[in-house]
Amino acid sequence: FGSEYLPVLTVVASLVEMTVIFDGLGQALEPLAAVYNGEGNTKGIKASMKIAGKLAIIEGIAATVLVLIFAGFFVKLFGVNDPVLTAMAKTAVRIVAFSMPFSALCFLFTSYYLYLERIGLAFFISMLNNLILPLMLAVPMGMLAGINGIWAGIMISYILTVACGALIVYRIKGNLTF
């Protein structure tokens, strides 16, 4: 699309990087998961994850709403002043913002599997979310739908990562519980 669009990419990449804040929930869960796992207390793990899952969705929705409302301010934080690039960046940020509840769940799933010593599964979800699906979706969607297709591809990659994670849990456990 050209180097003139790098400021838009910078804003979107920064927004995606800011979602690391969602990992705080998984970090807070770590002591409980470690103790419950050591005790073999699957009911405790399940109850904790049920609450954490709800909280992840709530914090993701809250972040989405804030980004949608303050998209213009967020873009200005990165010094984008050109009116055309500002409009493009605001649109991009708003598209990617819809991935935030799913991003929060991706962080939670990754933490959860790390704490249960399922390193391979945590690594797979992380790779799927951060590399495989964004490349598989953003590039072709960008070619088909233009620059906004790139942002939509990034957003959809989070949704598909959660769906794949749920499918894996279902295949392993026979249901969608933790």
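Each value, and the rule that gives it
- Residues numbered from 1 in each chain as written.
- Predicted model: local features only at pLDDT ≥ 70, side-chain atom pairs only at ≥ 80, totals over all residues.
- Heavy atoms only, no water.
- Helix = DSSP H or I, 4+ residues; strand = E, 2+ residues; numbered from the N terminus.
- Rg over C-alpha atoms; globule rule 2.2 N^0.38 Å.
- Axes fitted to C-alpha atoms, helices over the stretch in contact; angles between N-to-C directions.
- Parallel < 35°, antiparallel > 145°, perpendicular 65-115°, else oblique.
- Left-handed = near helix turned anticlockwise from the far one by under 90°.
- Contact = heavy atoms within 4.5 Å.
- Core = buried A, V, L, I, M, F, W, Y, C linked by side-chain atoms within 4.5 Å.
- Buried < 20%, exposed > 50% of the residue type's maximum accessible area, 1.4 Å probe, protein only.
- Patch = residues over 30% accessible without salt bridge, like charges linked within 9 Å, V, L, I, M, F, W, Y side chains within 5 Å.
- Areas by Shrake-Rupley, 256 points an atom, 1.4 Å probe, with all protein chains shown as cover.
- Salt bridge = Lys/Arg side-chain N within 4 Å of Asp/Glu carboxyl O.
- Expected span 1.5 Å × (residues − 1).
- Bend = angle between axes of the 7 residues up to and from the residue.

K.L.:
Quick question: what am I supposed to make of the overall build of the chain here?
P.N.:
A tally of regular secondary structure across the chain gives 8 helices and 0 strands. In sequence order, the chain lays out its α and β elements as α-α-α-α-α-α-α-α. For a compact globule of 178 residues, the expected C-alpha radius of gyration is about 16 Å, and the chain comes in at 18 Å, within 12% of that figure. Judged by the C-alpha coordinates and their principal axes, the chain covers about 60 × 30 × 20 Å.

K.L.:
How do you make sense of the packing of helix α3 (residues 42-69) against helix α6 (residues 100-115) when you look at a structure like this?
P.N.:
Angle between the axes and distance between the axes are the two parameters that describe a pair of packed helices. One can describe the packing of α3 onto α6 by two numbers: an axis separation of 7 Å at closest approach and a directional angle of 150°. The pairing of α3 with α6 is recorded here as roughly antiparallel in orientation. Our pair here, α3 against α6, has a crossing hand that is right-handed. Only M100, P101, A104, L105, L108 and Y112 of α6 make contact with α3, whose side of the interface consists of I45, M49, A52, G53, A56, I57, E59, G60, I61, A63, T64 and V67.

K.L.:
Any chance you could explain the environment of L29 here in plain terms?
P.N.:
Tracing the sequence through the fold places L29 in helix α2 (residues 23-39). Not counting residues within four places of it along the chain, the set of residues in contact with L29 comprises S48, M49, A52, L108 and Y115.

K.L.:
Whenever I open this one, the nonpolar core confuses me. Can you help?
P.N.:
It is characteristic of soluble globular proteins that their nonpolar side chains tend to be buried jointly. Formed by 47 residues in total, the largest nonpolar core has its most connected members in V8, L15, V93, Y113, W151 and I154. Where this core is concerned, the elements lending two or more residues are α1 (6-18), α2, α3, α4 (71-77), α5 (83-97), α6, α7 (119-145) and α8 (147-173). Residue contributions to this core peak at 9 residues, all from α8. Excluding residues within four positions of it along the chain, W151 makes contact with V8, L9, V12, A92, I95 and V96.

K.L.:
Sorry, what's going on with the packing of α6 against α7 here?
P.N.:
One can describe the packing of α6 onto α7 by two numbers: an axis separation of 7 Å at closest approach and a directional angle of 160°. Judged by the inter-axis angle, α6 sits roughly antiparallel to α7. The handedness of the crossing between α6 and α7 is left-handed. Side by side, α6 and α7 meet where C106, F109, T110, Y113 and L114 of the first sit next to I119, L121, A122, I125, S126 and N129 of the second.

K.L.:
Please clarify how a nonpolar patch on the surface should be interpreted in this entry.
P.N.:
Judged by side-chain polarity, M18, I57, I61, V65, L66, I69, F70, F73, L77 and F78 come together as a nonpolar surface patch covering roughly 960 Å² of accessible area. Broken down by secondary-structure element, the contributors of at least two residues to the nonpolar patch are α3 and α4. It is α3 that provides the largest number of residues to the nonpolar patch, a total of 5 residues.

K.L.:
Please clarify how α2 should be interpreted in this entry.
P.N.:
Structurally, the α-helix is built with 3.6 residues per turn, so residues lying three or four positions apart point the same way. When the terminal C-alpha atoms of α2 are compared, their 24 Å separation across 17 residues agrees well with the 24 Å that a helix rising 1.5 Å per residue should span. The principal kink in α2, of about 40°, is found at E30, preceding the proline P31 by one to four residues. Buried within α2 we find D23, L25, G26, L29 and A33. Turning to α2, the residues buried within the fold contact α3 and α6. Positive backbone phi, at 70°, marks G40, one or two positions downstream of α2.

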